[in-house]
Amino acid sequence: MKKSLLILLLGVLAVVLAACGGGGDDASGEAEEVEVIGEDLEDATELTFWTFVGQHVDLYSDAAERWNEENPDKPIKLVAETYPFEQMHNNLLLAIQSGQGGPDMVDIELGQFPNYLQGDIQLEPMNEYVEPVLDNAVTSRFENYAKDGNYYALPTHVGATVMFYNTEIMDEAGVDIDSINTWDDFVEAGKQVVENTDSVMWNVGTEDWLMDMWPMISQQDSDAFDENGELILDNQTNIDTLQFLQDVIYEHEIAEVAPGGMNQSEEFYGYFSDDGAASILAPLWYMSRFLDSMPDMEGKIAIRPMPAWEEGGKRSAGMGGTGTAVTNQAEDTELAKEFLAYAKLSEEGNTNLWTVLGFDPPRWDTWESEEVQADNKYYDFFGDGIFDMLLEVRDDINTLHFTENTPEVISEFHTNVTQETIRSNTSTPEEALKKAADAVRAEME
Amino acid sequence: MSSPAQETDAMVRDKQPNKLMSILNSKKVVPYIFVTPFILSFVILTLYPAIHGVIMSFQKILPGQVEWVAFRNYERVFNPNFYKALSNTTIYVVLTVVILTLIPMLLAILLNSKAVKFKTFFRASIFIPALTSTIVGGMIFRLMFSEADSSVANQIVHLLGFDSVDWRYNAWSAMFLMVILASWRWIGVNVLYFLAQLQSISSELYEAADIDGANAWQKLRYITIPHLKPITIFVSTITIINGFRMFEESFVFWETSSPGNIGLTVVSYIYQQGIGQNDMGFGSAIGVVLMLIIFVISLINLIATGTFKRGDE
């Protein structure tokens, strides 16, 4: 009798404790995928790496194998863990706030990066590796991750914004895409497309401003903040640009709101594969969306620079991105930095960014190398001229300006501005941007 | 207690192996042992974080730099976004309380009546949604209620002769989506509560009513519903609390930002500010305000329904 009572008691205790440890139905802290390289090596230093894109692991596992062959005196054991986007950034933020539990190396998305540059910066400067190669690279992409002269992360790509045209629709409409040089030309071409085909020319998104508003203001040397961190979201250039986005839908009627709210959504992939629209404005890394989600479009897509705002104006902008950083919680920060530079910044590392991941590498001295020019699935899909076009626009790419309030600007833009001007057409661009800027200014005090 | 010393010693020696057991089993100790797991988990997982949250709400927290800012976080709380979040949440609470008490009550009465066949089957199928996670269920809802003409919901709307609806972009349909997801998921659980209570109502009461010539409606009105009162109070109270804490139903449709903040709830606002924008102190301040709101409303609810008086009646 007594024994059974005790057993019952312990049983209850076990259940309660298990329930405490187990957590909710989706709050588990487990990584989706873990890959380990160099497990069998003795004395290997363990490097943990967190990412939110499983594909990125290929770059590092490849580099780790080469590293261990070339550096038998300082072998590494790479543990690469993939988490969902939100969860990885939340875990990292909490690890950095509390000073423990963080990884040695980590991928941080560009829009989230300002969060990690506040307070005492917990990331290691990479200057000794970055400074020697800056002359041969698109420097603005390194500046995105810099503060007070220190470079805290290595970029994954240039993210040059380009226009992807559906050549079948363009031919049917009788438009020569090489004659589209300015946004005015683009509107004229759009009118022909709408007149002669069942498709619209383009889509404006409401939830992904780096696919329209941001590159279009960046190519005019504007931004949400200026280089001193002052908010310029509601300056005249930005108002005019938003006006243009509103006009292509409601005035010229050559575009419609992107299905799913943005061009990176399941709804949009189906719509575009079904000839819903004739063009997509997106950074070059959008190529992989075609390969993964719109494979039927092979051979139908041509890549051209963005239209300029005036003849001779800038024809691209660097958008999106992931910076890889070493945290100060690394067991051996010097080794982690050396390996990271080896994997991502060296000539071979940059070549691999293209051959393994299909990204336009930040170092343009690799763009014309044999390895980069060799056949691969991207050339099969989009034709051969990708890097010739990149060389043409490489000096057009401006640095983006970030502050700790950047996430607020993006949130205001997606929440209120696009809703009122693009989706419902109830506000003028000037009213909407002024209102958003005031809301952010209130936060900045 | 006047027994000689040796005798006591002998007793103690005899009882030694069982001494621990007898302490554990004594009426004074056992209750504490039983509540220990709860107390421990409450102190570690609820009380400590809550106190720490209150402290954090007075701070500006950055890595390596924690600064005391007094009431500055609270001064920022009462802004238009917070009011929008609060009004969304309040509407959501009112709707879910009404739907999640009335419908389960009616379903339970129906499932308990002799007229219905395949009761076990219906009970099981109503309960199954509770086993899914809100996120998984929500993903399916999101596809069903996509704005495309081909989505399930829009197909139905077409059959009724209306145009396609942009479900995730209108204020009314946004609220509809969140409420229907919560209702789908929780109705089964609440039906179980009501069923349990219904089965405890003595059948003699109904027999007596039959003898007095009461009809079905009178039996429902004067026997069943009054007996369901305690469980109704319980269900409505937890629905109010869960409603104010709601987060996943909004997150699954819009993640952190919804058009015109139509899906913003107080907790998603905490998440957006505290974690998304790395402003933990401000997030904590919103959390403290939310805690006070829930406390006051639950108190009003419990006083109004007479819960505190039950013992004296």
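Since the structure is predicted, the reported quantities are computational estimates derived from the model, not experimental observations.

**With respect to the overall build of chain B**
Along its length, chain B carries 14 helices and two strands. By the burial criterion, 29% of the 313 residues in chain B qualify as buried. Restricting to contacts in chain B with at least 6 residues of sequence separation, those with at least 24 account for 68%.

**Re the overall build of chain A**
Looking only at helices and strands, one finds 18 helices and 13 strands in chain A. Over its C-alpha atoms, taken along the principal directions, chain A stretches across nearly 85 × 60 × 45 Å. Within chain A, counting contacts between residues at least 6 apart in sequence, those at least 24 apart form 76% of the total.

**Observations regarding the domain arrangement of chain A**
All names here are of chain A. By the assigned domains, chain A splits into domain 1 (23-158 + 320-390) and domain 2 (161-317 + 405-444). Domain 1 and domain 2 are separated by 29 Å when their C-alpha centres are compared. Taken together, the 14 residues of domain 1 in the interface contact 16 residues of domain 2. Contributions of two or more residues to the side of domain 1 that touches domain 2 are made by α15 (377-382) and α16 (386-393). With four residues, α15 is the largest single contributor of residues to the side of domain 1 that touches domain 2. Class assignment of the residues belonging to the side of domain 1 that touches domain 2 gives a composition of seven nonpolar, five polar and two charged.

**Brief notes about the domain arrangement of chain B**
According to the domain assignment, chain B consists of domain 1 (4-56) and domain 2 (74-304). The C-alpha-based centres of domain 1 of chain B and domain 2 of chain B are spaced at 40 Å.

**Quick notes on the sheet that holds strand β3 (residues 76-82) of chain A**
Residues and elements named next belong to chain A. Strand order in this open sheet of six strands is β1-β3-β2-β4-β13-β7, and the pairing throughout is mixed. At either end of the open sheet lies a strand with only one pairing partner, and these are β1 (33-37) and β7 (154-155). Alignment of β1 against β3, held across five bridges, turns out to be antiparallel. Counterpart to I37 in the pairing with β3 is L78. Set on the sheet, helix α12 (residues 333-344) makes contact with β2 (45-51), β3, β4 (105-109), β7 and β13 (322-326); between it and β13 the angle comes to about 150 degrees.

**So, the environment of Y83 of chain A**
Residues and elements named next belong to chain A. Relative to the elements of secondary structure, Y83 occurs in the loop between β3 and α3 (85-98). For Y83, a count of 21 C-beta atoms within 10 Å corresponds to the buried category. Measuring from C-alpha to C-alpha, the distance between Y83 and A31 comes to 5.1 Å, with 52 residues separating the pair along the chain. Filtering out sequence-adjacent residues up to four positions away, Y83 remains in contact with A31, E32, W50, F52, M88 and N91.

**Quick word on the pairing of β13 of chain A**
Residue and element names in this part refer to chain A. Of all five residues in β13, five are buried; the element is thus mostly enclosed. Burial along β13 is two-sided: T322, T324 and V326 facing one way and G323 and A325 facing the other are all buried. The pairing of β4 with β13 spans five bridges and is antiparallel. Counted as the bridge partner of D107 is T324 from β13. Looking at chain direction, β7 and β13 are connected through two bridges and run antiparallel. Bridged to L154 within β13 is T324.

**A look at the interface of chain B and chain A**
Counting from both sides, the interface comprises 26 residues of chain B and, opposite them, 31 residues of chain A. Only α1 (5-25), α2 (30-56), β1 (59-62) and α13 (266-276) of chain B provide two or more residues apiece to the side of chain B that touches chain A. Of the residues forming the side of chain B that touches chain A, the biggest block, four residues, is contributed by α2 of chain B. Considering only residue class, the side of chain B that touches chain A consists of 13 nonpolar, 13 polar and no charged.

**Remarks on unusual backbone geometry**
Residues and elements named next belong to chain B. Residues other than glycine seldom take positive phi values, yet F118 does so here, at roughly 55 degrees. With respect to the helices and strands, the residue F118 is situated in the loop between α4 (80-112) and α5 (119-127). Given 10 C-beta atoms within a 10 Å radius, F118 is considered exposed. Phi is positive for N278, close to 55 degrees, though the residue is something other than glycine. Along the polypeptide, N278 turns up in the loop between α13 and α14 (280-304). Exposure remark for N278: the 24 C-beta atoms within 10 Å place this residue in the buried category.

**A few points about the confidence of the model for chain B**
Looking at chain B, the pLDDT average stands at 87 and 93% of residues meet or exceed 70. Among the prediction metrics, the complex's ipTM stands at 0.71, with pTM recorded as 0.76.

**Quick look at the sheet that holds strand β11 (residues 279-283) of chain A**
All names here are of chain A. The three strands are arranged β11-β8-β12 in an open sheet whose pairing can be described as antiparallel. Looking at which strands have only one partner, the edges of the open sheet turn out to be β11 and β12 (301-305). Averaged over all pairs of adjacent strands, the angle between strand axes in this sheet comes to 30 degrees, irrespective of strand direction.

**Description of the nonpolar core**
Counting residues in hydrophobic clusters, the biggest one holds 121 residues, and the most contacted among them are Y60, M201 and V248 of chain A. Ranked by the residues each element gives to this core, the list is headed by helix α2 (residues 57-70) of chain A, at six residues. Both of domain 1 (23-158 + 320-390) and domain 2 (161-317 + 405-444) of chain A provide at least three residues apiece to this core. Once residues within four sequence positions are removed from consideration, V248 of chain A is found in contact with V187, W202, V204, I254 and A255 of chain A. Ranked by size, the runner-up nonpolar core spans 42 residues in total, among them L86, F141, A153 and I231 of chain B.

**Thoughts on the confidence of the model for chain A**
Residue-level pLDDT values for chain A average 88, and 93% of them are 70 or greater. Contacts of residues 8-28 of chain A to residues separated by more than four positions or lying in other chains number 12 contacts, the stretch itself having pLDDT below 50.

**Re the environment of I187 of chain B**
All names here are of chain B. Along the polypeptide, I187 turns up in helix α8 (residues 171-199). Judged by local crowding, I187 falls into the partly exposed class, with 19 C-beta atoms found within 10 Å. Those residues in contact with I187, other than ones at most four positions away along the chain, are L100, I103, P104 and I126.

**Things to note about the pairing of strand β8 (residues 161-166) of chain A**
Residue and element names in this part refer to chain A. The buried fraction of β8 is high, at six of six residues. Across five bridges, the pairing between β8 and β11 is antiparallel. Note that in β11 the partner of V162 across the bridge is A282. Where β8 lies against β12, five bridges are found, and the strand directions are antiparallel. Residue V162 lies in a different strand from β12, and its bridge partner there is P305.

Cut-offs applied
Residues numbered from 1 in each chain as written. Chains lettered and ligands numbered in written order. Predicted model: local features only at pLDDT ≥ 70, side-chain atom pairs only at ≥ 80, totals over all residues. Helix = DSSP H or I, 4+ residues; strand = E, 2+ residues; numbered from the N terminus. Buried ≥ 20, exposed ≤ 12 C-beta atoms within 10 Å, placed from the backbone. Contact = placed C-beta atoms within 7 Å. Domains from an automatic or database assignment. Nonpolar A, V, L, I, M, F, W, Y, C, P; charged D, E, K, R; others polar. Pairing = 2+ DSSP bridges. Axes fitted to C-alpha atoms, helices over the stretch in contact; angles between N-to-C directions. pLDDT = per-residue confidence, 0-100. Core = buried A, V, L, I, M, F, W, Y, C linked by C-beta atoms within 7 Å.

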